[in-house]
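# Architecture and fold: a report
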Amino acid sequence: MPSRCEICCELLIAILLPPLGVCLRHGCCSVEFCICLLLTILGYIPGIIYALYAIVFVDRDEYFNEYRRPLYSSSY
């Protein structure tokens, strides 16, 4: 769980550069980052709105849950 200071810094960065704020939270190869980048290219305000949503409401612990990880087989 990120601290309040981390969330506050991510929100400030998301207002200035929306894809960077989402990248810090979810990573550069995530769906959230791609959506935010596309929305920022189409319009700065939709990019900011989605970045704030992705930082505040999307729970990243859900994506790193042990049960949702792909299983890699070493029987090659």
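Residues numbered from 1 in each chain as written. Predicted model: local features only at pLDDT ≥ 70, side-chain atom pairs only at ≥ 80, totals over all residues. Heavy atoms only, no water.

## Side note on the overall build of the protein
Rules: Note on conventions: DSSP H or I runs of at least 4 residues are helices, E runs of at least 2 residues are strands, and numbering of each starts at the N terminus. Burial status follows relative accessibility: with a 1.4 Å probe on protein chains alone, a residue under 20% of its type maximum counts as buried, one over 50% as exposed, and anything between as partly exposed. Throughout, a residue-residue contact means that at least one pair of heavy atoms, one from each residue, lies within 4.5 Å. What sets the accessible areas is the Shrake-Rupley method with a 1.4 Å probe; for residues, cover comes only from the shown protein chains.
Each helix and strand counted, the protein has four helices and zero strands in total. Buried positions account for 30% of the 76 residues belonging to the protein. Considering only residue pairs separated by 6 or more positions, the protein has 49% of its internal contacts joining residues 24 or more positions apart. About 5,800 Å² of surface is accessible on the protein, with carbon and sulfur atoms providing 69% of the total.

## Structural notes on the UniProt feature "transmembrane region" (unreviewed entry) in the protein
Inclusion rule: UniProt positions are given in the numbering used here, feature names are shortened, and annotations may be inferred rather than shown by experiment.
Taking the numbering used here, the UniProt-annotated feature "transmembrane region" (unreviewed entry) corresponds to residues 35-58. Helix makes up 88% of residues 35-58 and strand 0%, whereas the separation of the span's terminal C-alpha atoms amounts to 13 Å.

## Thoughts on the environment of Glu10
As for its position among the elements, Glu10 is in helix H1 (residues 4-16). Spatially, the C-alpha atom of Glu10 lies 5.3 Å from that of Gly21, the residues being 11 residues apart in sequence. Excluding its chain neighbours within four sequence positions, the residues that come into contact with Glu10 are Gly21, Leu24, Arg25 and Ile55.

## Focus: the side chain of His26
We apply this condition: In protein, a polar contact requires one atom able to donate a hydrogen and another able to accept it; more generally it is a pair of N or O atoms within 3.5 Å, and residues adjacent in sequence count only if both atoms are side-chain atoms.
Examined against the element boundaries, His26 turns out to sit in helix H2 (residues 18-26). The exposure class assigned to His26 is buried, which follows from its relative accessible area of 13%. Polar contacts involving the side chain of His26 include one to the main-chain carbonyl oxygen of Ala54, which spans 3.0 Å.

## Topic: the nonpolar core
What counts is decided by this rule: Remark: nonpolar core denotes a set of buried residues (Ala, Val, Leu, Ile, Met, Phe, Trp, Tyr, Cys) joined through side-chain atoms within 4.5 Å.
Within the largest apolar cluster, nine residues are counted, these being Ala14, Val22, Cys23, Phe33, Cys36, Tyr50, Ala51, Ala54 and Ile55. Ranked by residue count, the leading element in this core is helix H4 (residues 44-56), at four residues. Sequence-distant contacts of Cys36, that is, excluding residues within four places in its chain, are made with Pro18, Pro19, Val22, Gly47, Tyr50 and Ala51.

## Details of the side chain of Glu10
The class of Glu10 is buried, set by a relative accessible area of 9%. Side-chain polar atoms of Glu10 contact the side chain of Arg25, separated by 3.0 Å.

## A short note on the pattern of salt bridges
This is how it is decided: Just to be clear on terms, a salt bridge is a Lys or Arg side-chain nitrogen sitting within 4 Å of an Asp or Glu carboxyl oxygen.
Using the criterion set out here, one finds one salt bridge in the structure. Close ionic contact of Glu10 with Arg25 constitutes a salt bridge, the shortest N to O distance being 3.0 Å. Highlighted residues: Glu10 in helix H1 and Arg25 in helix H2, separated in sequence by 15 residues. Residue classification places Arg25 among the buried positions, given a relative accessible area of 7%.

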